[in-house]
Every structure is written in structure tokens, then in C-alpha cells.
Amino acid sequence: MRSVALRVAVALATGLMLALLALPLAALLVRVPPQRLAMRLADPVVLDALRLSLLTSLAATAAVVALGLPLAWLLATRRFRGKRLLELLVDLPMVLPPTLAGLALLLAFGRAGLAGRAFAALGFSLPFTTAGVVVAQVFMSAPFFIVPVRAGLAAVERRYVDAAAALRADPLRTFFGVLLPLARPALLAGTAMSCARALGEFGATITFAGNLPGVTQTMPLAVYVAMQTDLEAAVTLSVMLLVLSCTLLVALRVAPLGALWRRPDAERPAR
Amino acid sequence: MLSARLDKRLGGFQLEAALGIEAGRTLALVGESGAGKTTLLRLLAGLSRPDAGRVALDGEVWFDHAAGIDRPPWRRSVGWVPQDYALFPHLSVRDNVAFGLRAAARPAAEVRGRVDAALARFGIGALAARRPGALSGGQQQRVALARALVLEPALLLLDEPLAALDHRTHRAVRGELAQLLSTLSCATVLVTHSPVEALMLGTRIAVLEDGRLTQEGAREELLRHPRSTYIADLMGLNLFRGRVVGRTRGGGAWLETAGGTITAPDPGTDDEVFITVSPREVTLHLEPPGGSAQNLIRGPIAEIVPEPPHGDRLRVVLGSRPPLVAEVTADAAATLGLRPGLEIIASFKASGVRTYS
């Protein structure tokens, strides 16, 4: 009796959850007919936002990988005082409200900000520039790369690292020849997640970099603006964002295309 | 030529060992699990750092605590084959074998030539394109050996090289390994928990017990004069320590041991000596025997074990202090009605006792 009740409860909760996740996406996809969608793609507002979004999120991802990888390695392999504090700092952007992050960035890099004054003296400024968009995206998306990559690196068995060291490989070679290849799934997943996060970033961007078409108006910002005047353009942009994000997950093997409809294998027995 | 002195403290465990082995020879370190064998190899490879001591190979100092020298593993001419081989799962057999040469920045043509030669030497050329996951245990071992030896290390470290193999391949691979070791020009240190492997593979053998080397010597010397109960047990010998307390006129002596007095040929010294008695020299009786046997030990039978491989002989362990092992035929055991718990008298002649310092 109890097992029946439990099943009903699980089915009900699962159904509601899935409906909540799928219904909005379906509504988005059916709103504008495909032919209209294809026509609107050539709209300069749409194109500008698309170009800017691709440019900034790729730049942000490149920066996150280049700057995040050494940090992920440090956190995965070293023990030092204050490590927990550092981890907290890395995790924080995942739970911070993005507008708060944008304001914080403004106070740091704005004209009168902590580092902004030094920047101004050197003759450049971040707020309300495309570079500012990238900085906001890096801030918000870094943990989505560092956290899984750190876990992936830490999960590489010690014996492989030792074997490499005994085979004349210095730490740098061991890192690129053994650690990174063995942590590849985590690396791809982390890259995909942080890129997707950068692509969808809204709050920190609009607060820190503003909403200038062609300069700082990325796709999520363009969606927000278009919504009030041109719903069709907003839907077009949203569908494109959705397709881009899905493509990203598939391309970096977070969700392999062939496996989407397959019944997953039973868990492999431990070796 | 390896010469090493190593101290390492790990929690409550203290490893303290001095060892050496010449080029072309194999030192087999034998000991129970937890004796510190793997730790010792890691210290030699530079994978963990000794608290004190010195490691030198052919006059090259790899570690010297006093002088502050500690070469990292990648700057030591070492071949390390861990127990589970640790073949890189993301690389083919060929790339595994080539890994060290590439890391050492050898030219591509040289890498190709040496890897080809190593693959051929170990009979794994046909597996070159495979991943380690698709290999049998014996094949993995050959790849691991090829990967280590292609670098022509000055010191080869083998950690339980046969432990990961199933019973059937074990024997064949043991023969191959013995053959291989006899052809190597480097110094080899091999650790094993199996005294049989140690005796088969080592030119010198050291016994590691609880972080300390209790006996070390050439294989032949060890077999002739065991000085630890571990080796004596392995060879099935009764081993005691004792000291002369009196001498007979006929060249005999009484030796005082922990378990009582033993009559033996005079060892010619008043220092403490090792005393061995072969179980075959020990006979068992229900009543005190007459005749010429001068040593009698009384005790209950603790255990009766068939003596492999033929099984027509039995080893009878007496719960005396110290325990004494007798070897009897199955017929004799039946006649005497031997069973655990039975109170029995063991005897052996003075002439059956060997002593050495």
C-alpha cells in the first residue's frame, strides 16, 4: 500500500517538475513559425547581438580556461593554509545575485573604483565597453569551470602521476601528458558549462557594462529590450540562444548526441 | 651499484634500512605486507622523501639528507614498475613505451627505433596499437617492463611484479622474469611477500620485518645459514638461538635456549649462536625412548599439516616452547595415532643439530 502511494507521489512530483522545465521551452519554440524565424535572423538587431555574444563568450571562456586551469590544479593537488577560504571565494559567484556582482565590479573597475583609477591612469576603462562584458562574464562563469576541473584533476589516480615522474616527466609534462588527458571529461564539461554560463550572463553585464547595442548588448540583453517592443525579435533571439547552448553541450560531449535517446548502460562494475 | 641508507617515519611506523646491490644483480626484499616494502621502493625512486639517510647510484648522489641533496624522480635514472603497473590508460602500448623517451626529449627517430626494439624484445609488437585496458595481466606486465627498461635505467625497482597475475600465468611469468633479470646490466631491487619468489628471483635476499632488515645475504648463504625465523620457516627448519653452558668430552656441548637445553656438536664459541634442526631429524614417540637420541622435548600436538607436494609426509607442529616441527611419514603418523592435542615426546640426536654464529 505504502509502495503504491510512494510511486504515485514520485510520478506526480516528477511530472510537475518536467512540465515546469519543458513547457516554457516548448512555448518558446512554437511561438514563431520556422519560416518567420529564418527571416528574422537577418535582422541587424539580432545579428549584432549574436556577433557580440559569440565574441564575448568565447573570449571569456578562453580567459577562464587560461586563468582557471592553474588555480584548479593548485586546489586539486596542493595543501596549504587558507585553501578552504580560496575555495569559498571560487564558489561564491555561483550563488551571488548577478546584479550584486555587477555592482561589485563597478566599484572595483569603475572610474573611481579600487583598480579603476589605476586603469584610468593607464588610459583605459572597463565599464560600458565590450571588454567590460567579458570581465563580467569571466567573473560569473569561472566557478563553472574551476569546480568540475578541480574535481576531475583530483580524481586522477596518484599512481599515474608517480609513474610519469619516474619516466623522466617533469611536473609540467606530467600535467599536459597525463593529468589533463585523464581529466578530459571534466575539462570538456567545465568548458561547456562556463561557456554556456557566459553566453547567458545578464545581470552582471547590464549593471557593469550597460546596454549599448553593438558594444555591450549581448543576446540576453537584446531579448530583454526587444521583449517590450518587438516580441518576435525577442523570441527569435531566445530560440537562437537555446540552440547555441544545446549545441555547446553536445559539441563538448556533456550530452553526447547519440546517447540522448539511448537507455543508459548499467553501471560498470568497479575494477 | 646502489648503496642506500634510509630512515622514514610514517605515523607510528618507522622504516630504517641500509641496503646495496651491484649492477647486474637483483636484491630481493622479502617481507609481509605492512613491512614497508613499497615505501622503501618509493624512497629509492624519489617518489617520497626520506627523513634522513643517503642514496647513491654508481657514485651519483640522488639523496643526501646531511648535504641537502634530493633529486626529483624525473632526474633519477630509475625504472619503477609498481604493483598494478600503472600503464597510462589513455595511451596505446606504443605511446606508453615511448613516454619516457619523449619526456627525456630524445629525437623522434631515436624514440621510434628504441621503442620498436623494446616492443620486439618483450614480444608485444603485435599489441602496439592497443590500449592497456585491452591487455591481459601478463601482457600488461611486459608493457610495464618495456616502458621502464627502454630508458636503460641504472636502477630498476619492481614492486610485487607477479602479484597482479592470476595463478596460471604466475608461474610462466616468474620464469620469464628470472630469465630477464639475469640478462639486465642495471641494479635491480625487487620486493615481494613471497619467499619463493625472492629465492627464485634474487641474487641477494634481504628480509624486511616491521620496517627493519633482519637478515641480508647472498641467496646461497641464506639458504645454508638462516638467521631469521622468517627464512627458517620458509625452508621448514627449526631455528633457535642459544649459548654454550657446558661441554662434553666427546666434542659435544650443552646449549641453553629459551625453550630448554639442547645437546649439540660444540660450536667452538661461547657467544650466542643460531641452532637449526631439520624436521626430518625429529622423531616422535608416545613413551620416552631409549637409545642414542640426546634431546627430548615434550608437548601437545598443535597442528598437523600435509607436506606438499607429494602428501605422503606430514609436518607435525608441537606446541612446545619454542614450537618444534617434526616431519613424519603418513604411515608413522597412523601407527602413533597422531592427532592435535595429543601429548607427545619429540627426540633428535645431537649429531642432527647444526650451529653457526
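Cut-offs used in this document
- Residues numbered from 1 in each chain as written.
- Chains lettered and ligands numbered in written order.
- Predicted model: local features only at pLDDT ≥ 70, side-chain atom pairs only at ≥ 80, totals over all residues.
- Helix = DSSP H or I, 4+ residues; strand = E, 2+ residues; numbered from the N terminus.
- Buried ≥ 20, exposed ≤ 12 C-beta atoms within 10 Å, placed from the backbone.
- Contact = placed C-beta atoms within 7 Å.
- Pairing = 2+ DSSP bridges.
- Axes fitted to C-alpha atoms, helices over the stretch in contact; angles between N-to-C directions.
- Nonpolar A, V, L, I, M, F, W, Y, C, P; charged D, E, K, R; others polar.
- Parallel < 35°, antiparallel > 145°, perpendicular 65-115°, else oblique.
- Left-handed = near helix turned anticlockwise from the far one by under 90°.
- Core = buried A, V, L, I, M, F, W, Y, C linked by C-beta atoms within 7 Å.
- Domains from an automatic or database assignment.

Turning our eyes to something else, we now look at the overall build of chain B. Scanning chain B for helices and strands turns up nine helices and 21 strands. Reported as C-alpha extents along the three principal axes, the dimensions of chain B are approximately 80 × 50 × 35 Å. For chain B, with 357 residues in total, the buried portion stands at 39%. Counting contacts in chain B only where the partners sit at least 6 residues apart, residues at least 24 apart contribute 62% of the total.

Glancing now at the sheet that holds strand β17 (residues 295-306) of chain B. Residues and elements named next belong to chain B. Judged by pairing direction, the sheet is antiparallel, and its five strands sit side by side in the order β16-β20-β17-β18-β19 without closing on themselves. Lying at the two open borders of the sheet, with one neighbouring strand each, are β16 (283-285) and β19 (324-329). On average, adjacent strands in this sheet sit at an angle of 45 degrees to one another, irrespective of strand direction. Across six bridges, strand β18 (residues 313-318) lies against β19 in antiparallel orientation. Within β19, the position partnered with Val316 by the bridge is Ala326.

With that settled, the discussion passes to the pairing of β18 of chain B. All names here are of chain B. Sheet analysis places β17 next to β18, joined by five bridges and oriented antiparallel. The residue bridging Val305 from the neighbouring strand is Arg315, located in β18. Hairpin connection, β18 to β19: the antiparallel pair is bridged by five residues.

Residues and elements named next belong to chain B. Here the phi dihedral of Asp58 falls at roughly 50 degrees; this positive angle occurs in a residue that is not glycine. Position of Asp58 relative to the elements: it lies in the loop between β4 (52-57) and β5 (60-64). The class for Asp58 is partly exposed, based on 13 C-beta atoms found within 10 Å. Backbone geometry places Glu160, a non-glycine residue, at a positive phi of 45 degrees. Along the chain, Glu160 turns up in the loop between β8 (155-159) and α5 (167-183). The class of Glu160 is buried, set by 21 C-beta atoms lying within 10 Å.

A few words now on the interface of chain B and chain A. Listed by partner, the interface residues are 17 residues for chain B and 14 residues for chain A. Residue assignment for the side of chain B that touches chain A shows that the elements contributing at least two residues are β7 (78-81) and α2 (93-103) of chain B. It is α2 of chain B that provides the largest number of residues to the side of chain B that touches chain A, a total of three residues. For the side of chain B that touches chain A, the residue count by class is 13 nonpolar, two polar and two charged.

Further remarks concern the sheet that holds strand β13 (residues 252-257) of chain B. Residue and element names in this part refer to chain B. Strands sit in the order β14-β13-β12-β15-β21 across an open sheet of five strands; the sheet is antiparallel. Since the sheet does not close on itself, it has two edges, and those belong to β14 (260-265) and β21 (353-356), each with one partner. Across the sheet, the axes of successive neighbouring strands diverge by a mean angle of 45 degrees, strand direction being ignored. Pairing between strand β12 (residues 238-247) and β13: five bridges, direction antiparallel.

This paragraph deals with the packing of helix α4 (residues 83-95) of chain A against helix α7 (residues 130-154) of chain A. Residue and element names in this part refer to chain A. Taken N-terminus to C-terminus, the directions of α4 and α7 make an angle of 120 degrees; their axes are 8 Å apart at the nearest point. One finds that α4 runs oblique with respect to α7. Taken as a pair, α4 and α7 cross one another with a handedness that is left-handed. Where α4 abuts α7, its residues Val90, Asp91, Pro93 and Met94 lie against Phe139, Met140, Ala142, Pro143, Ile146 and Val147. Here the residues of the contact of α4 with α7 sort into nine nonpolar, no polar and one charged.

Let's shift gears to helix α8 (residues 158-166) of chain A. In an α-helix, one turn spans 3.6 residues, which is why side chains three or four residues apart end up on the same side. Burial within α8 of chain A is extensive, with seven of its nine residues counted as buried. Burial in α8 of chain A covers these residues: Tyr160, Val161, Asp162, Ala163, Ala164, Ala165 and Ala166 of chain A. Elements that come into contact with the buried residues of α8 of chain A comprise α9 (171-182) of chain A together with α1 (37-45) and β7 of chain B. Two residues or fewer after α8 of chain A comes Arg168 of chain A, characterised by a positive phi angle close to 75 degrees.

All right, on to the nonpolar core then. Core analysis: the biggest nonpolar cluster contains 131 residues, and Leu29, Leu44, Ala146 and Leu157 of chain B have the highest contact counts within it. Of all the elements, α7 of chain A adds the most residues to this core, at 14 residues. The contacts of Leu44 of chain B, once residues within four sequence positions are left out, are Ala4, Val55, Leu155, Leu157 and Val189 of chain B. Core analysis: the second largest hydrophobic core is formed by 22 residues, Leu255, Val277, Val325 and Val328 of chain B among them.

Residue and element names in this part refer to chain A. Between helix α12 (residues 219-229) and helix α13 (residues 231-251), whose axes approach to 7 Å, the crossing angle comes to 155 degrees. Comparing the axis directions of α12 and α13 gives the class roughly antiparallel. Between α12 and α13 the crossing geometry is left-handed. Contacts between α12 and α13 pair Met219, Ala222, Val223, Ala226 and Met227 from the former with Leu231, Ala233, Ala234, Leu237, Ser238 and Leu241 from the latter.

Attention shifts here to the domain arrangement of chain B. All names here are of chain B. The domain boundaries assigned to chain B delineate domain 1 (2-229) and domain 2 (236-356). Taken together, the contact between domain 1 and domain 2 spans four residues of the former and five residues of the latter. Residue composition of the side of domain 1 that touches domain 2, grouped by class: one nonpolar, two polar and one charged.

All names here are of chain B. As defined by bridge partners, β4 adjoins β5 across four bridges and the pair is classed as antiparallel. Across the sheet, Arg54 pairs through a bridge with Asp64, a residue of β5. Here β4 folds back onto β5, and the loop between the two strands holds two residues, one of which, Asp58, carries a positive phi near 50 degrees. Examined bridge by bridge, β5 and strand β6 (residues 69-70) share two bridges and lie antiparallel to one another. Looking at the pairing, Asp64 lines up with Ile69 of β6. Hairpin geometry of β5 and β6 is characterised by an intervening segment of four residues between the two adjacent antiparallel strands and by a positive phi of about 70 degrees at Gly68.

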